[in-house]
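# Close look at the chain arrangement
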Amino acid sequence: MKSISEVVGWIVTGIYLIGVVVLIYWKRDTLPSLGLNEIGDFLAGAFGPLAFLWLILGFLQQGRELNLSSKALQLQADELKNSVEQQTIMAQAALQQIESQRLSLEFQQREFERSIVPVFRFDVASRDGGSFGVPVSAVTRLVNSGQEVSQVDIFFEPDIGGNNKFFVPIARSNSSQDLVFSFMWPNADITGTCSLTYIRSDGKRITENFAYSIPAESPFVRIERVLPVDHAT
């Protein structure tokens, strides 16, 4: 589609050429007597204004095209900005979805862990031997109120009466196992550590840490949890 300035340019050019033709017709008698340089001067003078006119029109046309190009670039920039904003929103939504899935997986993992873990505690059961310097036989009961596990190893450091290890092949759910200790009635309180390892139903070997104490005034073997569960492979 032609611009208004281009249409005006062609109209002006047509009118001007008609005027030049009319002028040449009026001067037809004198043209043959003109020299080549004079004819050149005539043509330059006749068509110079047209060249200047189209130079101006071309400049204006370039200005309009540059303006249109600037608007097109601005539209592209706006579209790109909108696209970036949309992509940002989509990325944020994706991150929120990933975070939601991660939290859901963590919750499922925790629920699964709770469904297979045992719950161990040590209860003081009984004791034989009632005076200082005599052998003592103390019973501490290992109670599992959680899920069944296997290959339960119980280690004491230092040992109690020369015994530092007990083994329970299977600790069933809601079951108990008596641990019998034989030692001399101590003349001072005894303390130490106790580690309990087992294999869960998912095949993982787990270690739980406890501390034990044997009071001199009442030498029962008391075992209490002091450290969190250590999940081993």
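Just so it is clear, the structure is predicted and the values come from calculations on it, not from any experiment.

### Things to note about the environment of Ser 145
- Turning to its location among the elements, Ser 145 is positioned in the loop between strand E2 (135-144) and strand E3 (149-160).
- In this structure Ser 145 comes out as partly exposed when scored by relative accessible area, which is 38%.
- Those residues in contact with Ser 145 that sit more than four places away from it in its chain are Val 119, Arg 121 and Asn 174.

### Details of the sheet that holds E2
- The 3 strands are arranged E1-E2-E5 in an open sheet whose pairing can be described as antiparallel. Unpaired on one side and paired on the other, strand E1 (120-128) and strand E5 (175-184) mark the two borders of the sheet. Going from strand to strand, the sheet's axes swing by 25° on average, the running direction of each strand aside.
- Sheet topology note: the E1/E2 ladder contains 8 bridges and is antiparallel. Across the sheet, the residue bridging to Arg 121 is Val 143, located in E2.

### Thoughts on the packing of aromatic side chains
- Throughout the structure, instances matching the rule amount to 6 aromatic pairs.
- Note on Phe 156 and Tyr 212: the rings are 5.7 Å apart at their centroids and 75° apart in plane angle, and the pair reads as edge-to-face. You can see Phe 156 sitting in strand E3 and its partner Tyr 212 sitting in strand E7 (residues 205-214), a full 56 residues away along the chain.
- According to the relative accessible area criterion, Phe 156 is buried, its value standing at 1%.
- Residue class for Tyr 212 comes out buried when judged on its relative accessible area of 2%.
- Judged by centre distance (5.1 Å) and plane angle (70°), the ring pair of Phe 166 and Phe 181 falls under edge-to-face. Here Phe 166, found in strand E4 (residues 163-171), pairs with Phe 181, found in strand E5; they are 15 residues apart in sequence, far enough to count as distant.

Conventions used here
- Just so you know, the residues in each chain are numbered from 1, in the order the chain's sequence is written.
- Where local features are concerned, this predicted model is filtered to residues with pLDDT of at least 70; where side-chain atom pairs are given and counted, the filter is 80 or more; whole-chain, interface and lining totals use all residues.
- Excluding hydrogens and water, the side-chain values take into account all heavy atoms of the structure.
- Starting at the N terminus, helices and strands are each numbered in turn, a helix being any DSSP run of H or I of at least four residues and a strand any DSSP run of E of at least two.
- For the exposure calls, accessible area comes from a 1.4 Å probe over protein chains only, and a residue counts as buried if that area is under 20% of its type's maximum, exposed if over 50%, partly exposed in between.
- Only heavy atoms matter for contacts: two residues are in contact if any of them lie within 4.5 Å across the pair.
- What makes two strands pair is DSSP finding at least two bridges between them.
- An axis is simply a line fitted to the C-alpha atoms; with a helix, the fit covers only the stretch in contact. Between two such axes, the angle follows the N-to-C directions and lies from 0 to 180 degrees.
- Only rings of Phe, Tyr and Trp enter the pairing, Trp through its six-membered ring, and a pair is recorded when the two centres are within 6.5 Å. The plane angle decides the type: under 30 degrees is stacked, over 60 is edge-to-face, the rest tilted.

This is a description of form; function is not addressed.
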